[in-house]
Amino acid sequence: MPAEAAPLSRAARPASGWPLLRRAAWERRGELAAGSAAGLAWQAAVWLTPLAVAAAIDRGVVAGDARALLAWTLVLAGLAALEAATTLTRHRFACIPAARALIATRGRLHGDALALDDRTRRGLPPGEVIARATSDAEWVEEAVDYVPSTVSRAVTIVAVAAILLAIDASLAAVVLAPLPLVALLAWGWSVRYTRRSDALQAEVGAAAELAESAISGARAIAGLGAGPAMAGRWGRLARSVRERALAVARLDAVYGPAVQAVVAASLVAALWLGGRRVIDGELGVGTLVAVIAYVIILTAPLEQMGDVIAVARRAEAS
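Starting afresh in each chain, residues are numbered from 1 along the sequence in its written order. In view of the model being predicted, local features appear only for residues whose pLDDT reaches at least 70, and side-chain atom pairs are presented and counted only at 80 or more, with totals across whole chains, interfaces and linings using the full set of residues. As a convention, hydrogens and water are excluded, and side-chain values are obtained from all of the structure's heavy atoms.

**Student:** Where do I start with the overall build of the protein in this structure?
**Tutor:** Here a strand is any run of E in DSSP of at least two residues, a helix any run of H or I of at least four, and the numbering for each starts at the N terminus. Across its full length, the protein holds 11 helices and 0 strands. When the helices and strands of the protein are read in sequence order from the N terminus, they spell out α-α-α-α-α-α-α-α-α-α-α. Each residue is assigned to one of three classes by its accessible area relative to the maximum for its type, calculated with a 1.4 Å probe on protein chains only: buried under 20%, partly exposed between the two thresholds, exposed over 50%. Here the protein, with 318 residues, has 38% of them falling under the buried criterion. By definition, residues are in contact when any of their heavy atoms lie within 4.5 Å. Considering only intrachain contacts with a sequence separation of at least 6, the fraction spanning at least 24 residues in the protein is 86%.

As structure tokens, this is what we get:
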């Protein structure tokens, strides 16, 4: 490696990668807006489904009205068809702009590298530049891919909370009470995830640079008898990459179960309090089923909150 070359550490990079991510999304704003609209239509079908089930139970099954049951069953079939169609559209308007963002990011990196003067270009570690043009650019792609689903999931949290409050304010207050814990959990988790992701990205880049140096200088290394020393360096760096990757994985393994525990607490509260109100004749069976369904629906967007933070942080670090 040339004496002036050094890994592209975070200190050597701009303070934040958010401008690049915003630019990647803004350049594809039309397709991402269409994908977000399709995502909202998809989630709207999800929001309405428990209400249709509640009506089918209370007005059809409990009331013994076969015509009402048939009508609400057809409504459910229509909602299922809407959900399928909008899911297809959402994926179409997420995957294509994400792929274009990947191509544009790699092209921009290549163009910037060619625009550098010879001395600066020679000082760049080739292996790390290659790593950033491949795996790092893919994280930018994934961040763009998440935009439509993130918009629809965020609106889902607000919409479901509003529907629960409209169904029964007192029951909703108890059911939704544990959910702010998820926001606190996500905040603390994201801070730690950022630090670990940055460290992992730096180590991966250093590994790519060492591999490139070993391959391009294989003859010199063999001639100098430096193979064992190079192998030792590679082994230490590989272990460091593994440990940092495991640290990120261990953090990933915490968030999902924690969210599920919070949602389970809400589910227990809904079943106990709502069940007592059904027994007392204050709440319909179908309405209780709808409330429980809405609590379950909240699980996916709350869990995805962690995925979105993880992808955004990894893309920013990249």
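Next comes the rest of the account.
**Student:** Whenever I open this one, the nonpolar core confuses me. Can you help?
**Tutor:** Proteins that are soluble and globular tend to have nonpolar side chains buried together. Among the nonpolar cores identified, the biggest contains 42 residues, and Val 160, Leu 164, Tyr 294 and Leu 302 are the most heavily contacted of them. Mapped onto this core, the elements with two or more residues apiece are helix H2 (29-61), helix H6 (147-167), helix H7 (169-176), helix H8 (180-216), helix H10 (227-279) and helix H11 (285-317). The greatest single-element share of this core, amounting to 10 residues, is contributed by H10. Not counting the four nearest positions on each side in its chain, Leu 302 is found in contact with Ile 157, Leu 179, Val 182, Tyr 255, Val 259 and Val 263. To define a nonpolar core, start from buried Ala, Val, Leu, Ile, Met, Phe, Trp, Tyr and Cys residues and group those joined through side-chain atoms within 4.5 Å.

**Student:** Mind showing me how you'd approach the packing of H6 against H7 here?
**Tutor:** Describing two packed helices takes the angle between their axes plus the distance from one axis to the other. Contact pair H6 / H7: the axes reach a minimum separation of 6 Å and the direction vectors enclose 140°. Taken together, the axes of H6 and H7 are oblique relative to one another. Pair H6 / H7 crosses with right-handed handedness. Between H6 and H7, the contacting residues are Ala 161, Leu 164, Leu 165 and Ile 167 on the first element and Ala 169, Ala 172 and Leu 176 on the second. Note on residue categories: nonpolar means Ala, Val, Leu, Ile, Met, Phe, Trp, Tyr, Cys or Pro, charged means Asp, Glu, Lys or Arg, and polar means any other residue, Gly included. Split by residue class, the contact of H6 with H7 holds 7 nonpolar, no polar and no charged. Fitted lines through C-alpha atoms give the axes, limited to the stretch in contact for helices. The angle between two N-to-C directions lies from 0 to 180 degrees. By the definition adopted for this analysis, an angle is roughly parallel if under 35 degrees, roughly antiparallel if over 145, roughly perpendicular if from 65 to 115, and oblique otherwise. In a left-handed crossing the near helix is turned counterclockwise from the far helix by less than a right angle, and in a right-handed crossing that turn is clockwise.

**Student:** Help me understand the pattern of salt bridges in this model?
**Tutor:** When the charged atoms of two side chains with opposite charge come close together, those side chains can pair. By salt bridge we mean one thing: a side-chain nitrogen of Lys or Arg within 4 Å of a carboxyl oxygen of Asp or Glu. Under the defined criterion, the tally for this structure stands at 4 salt bridges. Glu 203 is paired through a salt bridge with Arg 244; the nearest N and O atoms lie 4.0 Å apart. With Glu 203 in helix H8 and Arg 244 in helix H10, the pair connects residues that are 41 residues apart, well separated along the chain. Residue classification places Glu 203 among the buried residues on the basis of a relative accessible area of 16%. One salt-bridge network, in which partners are shared between bridges, spans Asp 168, Arg 277 and Glu 282.

By themselves, these figures tell us nothing about what the structure is for.
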